[in-house]
Number of protein chains: 2
Amino acid sequence: MTDGRSNHVSSWQRQEGVHGELVEYREGETVFEAYVTWAARSDARRPCVLLAHAWDGLNEPMRAKAEELATLGYVCFALDVYGKGVRGGVADDNSHLMGPLMADRALLRRRMVAGFEAALRHPLVDPTRVAVVGYCFGGLCALDLARSAVPGLKAAVSFHGVLKPPRLGAQVPITAKVLVEHGWEDPTGPVEDVLALTRELTDAKADWQLHAHGHAMHAFTYPGLDKAEAGLQYHPDAARRSWASMRAFLDEVFEAP
Amino acid sequence: MTDGRSNHVSSWQRQEGVHGELVEYREGETVFEAYVTWAARSDARRPCVLLAHAWDGLNEPMRAKAEELATLGYVCFALDVYGKGVRGGVADDNSHLMGPLMADRALLRRRMVAGFEAALRHPLVDPTRVAVVGYCFGGLCALDLARSAVPGLKAAVSFHGVLKPPRLGAQVPITAKVLVEHGWEDPTGPVEDVLALTRELTDAKADWQLHAHGHAMHAFTYPGLDKAEAGLQYHPDAARRSWASMRAFLDEVFEAP
């Protein structure tokens, strides 16, 4: 299975016992490249976590996060909303990549749905148990996939996500369960955005939870980050607790019939 | 140990394997009566969960909750802020009991501290591992005990608690970790109270988390309750998730050195 689709993967730093491959898919004229990873315990289909990258694209830290999810027993399908080879710098201002998609949320939604559909085609994915998890800009992407109400998506988790509403007209009911892990001092998610999101999710009849972490800033799950003056800081307690909450939440949604 | 202090306990419905006793203590001129319960696995000291009752006082549902906490391995010290024998009706308007303490938060705080100190004197209680959990009015009581910054209190958990600030002057730093489980449609905890609490806890440097549950009303943990027109309704998902979150939180605070 791996042979036909993998390339370049051998040069990445991978966790022991975790397999990975690159998978291409299209939306419109654009080619995207996902990183798909799983622990090789068996060939059985298993629950899938779609992972939506931050504004720098599908870079090494996000692939490492994908492998961490794989070790929990999921297929992690780390999707790509920028296009094959389009990656920003981990430490750079990547507004030029994120901005066009923030300005065209319909396009962003189509790209998220394309990633979701590509994941469903993967032979290890149990198509009845798929969730999406995203970080920063990817948190917004995860929420946008939930907003698309694409059939079969069980859950969406946002870690310190951007919370701006899509403003794409009337929202259909959101059937995916939603968990939002939010740092209360995150300048990219001010309280008015938090409140707007709670109203939007309530109106859309979503089963939603918001976990607010006191003193936590944007990107609170990123070890070593300490740019408090810019509102960016690792917060070990919030990181540990939000990860545990995600695990419990995924257990809940994947075990449900 | 039980013989010297228990009375009336035999008439209560107790979970199998769970012991209970009534314990009297004083604050000022007033005598209070707590219900203390534990699973009799050993005589070793163990972590203690103080349980703060709702507006109806230390009635049967709260004693049942205490026993549920006991089965998790804690000594549960279900305290009493109304006074021995002063109990309201479970289904009644108990404003006449709660109101005077809401109007005199300094008195309420003293009564909470008295309950905490009585718990510390119990021979099964590990005085280095004590937390407080409260429901409705008891959620406010739990937060008020945290606000007292009484030494040794590790954590406070509020389930659909009243969130009104105490307005007792400058707040000292809050050293107990705080978890607030809140129904987003709880009319007793409107969004302005939620936001005021987040500011207060942040200013007090508390390690705090707020879990907001979409669509959940006041008293969302009370099975069978369905008075949606009054903002009171059992919400099974929020009840199950908040209980699991409390357990994880207590594991964290009690296992820490």
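Residues numbered from 1 in each chain as written. Chains lettered and ligands numbered in written order. Predicted model: local features only at pLDDT ≥ 70, side-chain atom pairs only at ≥ 80, totals over all residues. Heavy atoms only, no water.

A. Quick peek at the side chain of Ser245(A). Relative to the helices and strands, Ser245(A) is located in helix 6 (residues 236-255). Ignoring anything within four residues of it in the chain, the contact list for Ser245(A) reads Leu179(A), Glu181(A) and His211(A). (Helix = DSSP H or I, 4+ residues; strand = E, 2+ residues; numbered from the N terminus. Contact = heavy atoms within 4.5 Å.)

B. Expanded view of the UniProt feature "domain: Dienelactone hydrolase" (unreviewed entry) in chain A. If you check UniProt for "domain: Dienelactone hydrolase" (unreviewed entry), the listed places come out as residues 34-253 of chain A in our numbering. The span residues 34-253 of chain A is 36% helix and 24% strand, and its two end C-alpha atoms sit 24 Å from each other. (UniProt positions renumbered as here; feature names shortened; annotations may be inferred.)

C. Just helix 4 (residues 137-148) of chain B, in detail. Residue and element names in this part refer to chain B. For helix 4, which comprises twelve residues, the first-to-last C-alpha distance of 17 Å matches the rise-based estimate of 16 Å (1.5 Å per residue) to within 8%. Looking only at helix 4, the buried set comprises Phe137, Gly138, Gly139, Leu140, Cys141, Ala142, Leu143, Asp144, Leu145, Ala146, Arg147 and Ser148. Looking one or two places after helix 4, you find Ala149, whose phi comes out positive at around 55°. (Expected span 1.5 Å × (residues − 1). Buried < 20%, exposed > 50% of the residue type's maximum accessible area, 1.4 Å probe, protein only.)

D. Examining the packing of aromatic side chains more closely. Residues and elements named next belong to chain A. With the rule as written, the count across this model stands at twelve aromatic pairs over all chains. Seen from their ring centres, Tyr25 and Phe77 are 6.0 Å apart, and the 50° between their planes marks the pair as tilted. Taken together, the residues span a long stretch of sequence, with Tyr25 in strand 1 (residues 18-27) and Phe77 in strand 4 (residues 75-78) at a distance of 52 residues. You'll find Tyr25 and Phe77 in the same group, each marked buried. Plain terms: the ring middles of Tyr82 and Phe137 are 6.1 Å apart, the flat faces sit at 15° to each other, and that makes the pair stacked. A residue pair is termed long-range when its members are at least 10 positions apart, and Tyr82 in the loop between strand 4 and helix 2 (95-103) and Phe137 in helix 4 (residues 137-148) qualify at 55 residues. Put simply, the rings of Tyr25, Phe32 and Phe77 touch in pairs and so form one group of aromatic residues. (Phe/Tyr/Trp six-rings, centres within 6.5 Å; stacked < 30°, edge-to-face > 60°.)

E. Looking closely at the state of the cysteines. Residue and element names in this part refer to chain A. What the rule picks out here adds up to zero disulfides over all chains. With no disulfide of its own, Cys136 lies 11 Å from the sulfur of Cys141, the closest cysteine sulfur. On the accessibility criterion, Cys136 (8% relative accessible area) is buried. (Disulfide = S-S within 2.5 Å.)

F. Expanded view of the relation of the copies chain A and chain B. Under the fitted operation, chain A is carried onto chain B by 0.0 Å of movement along the axis and a turn of 180°, and the coordinates agree to an RMSD of 0.0 Å. These values place the two chain copies in the arrangement generated by a two-fold rotation axis. Residues of chain A ranked by C-alpha distance from the rotation axis are headed by His211(A), positioned 2.3 Å from it. A symmetric contact is evident, with 100% of the interface residues of chain A recurring at the interface of chain B. (Least-squares fit on C-alpha atoms with pLDDT ≥ 70 in both.)

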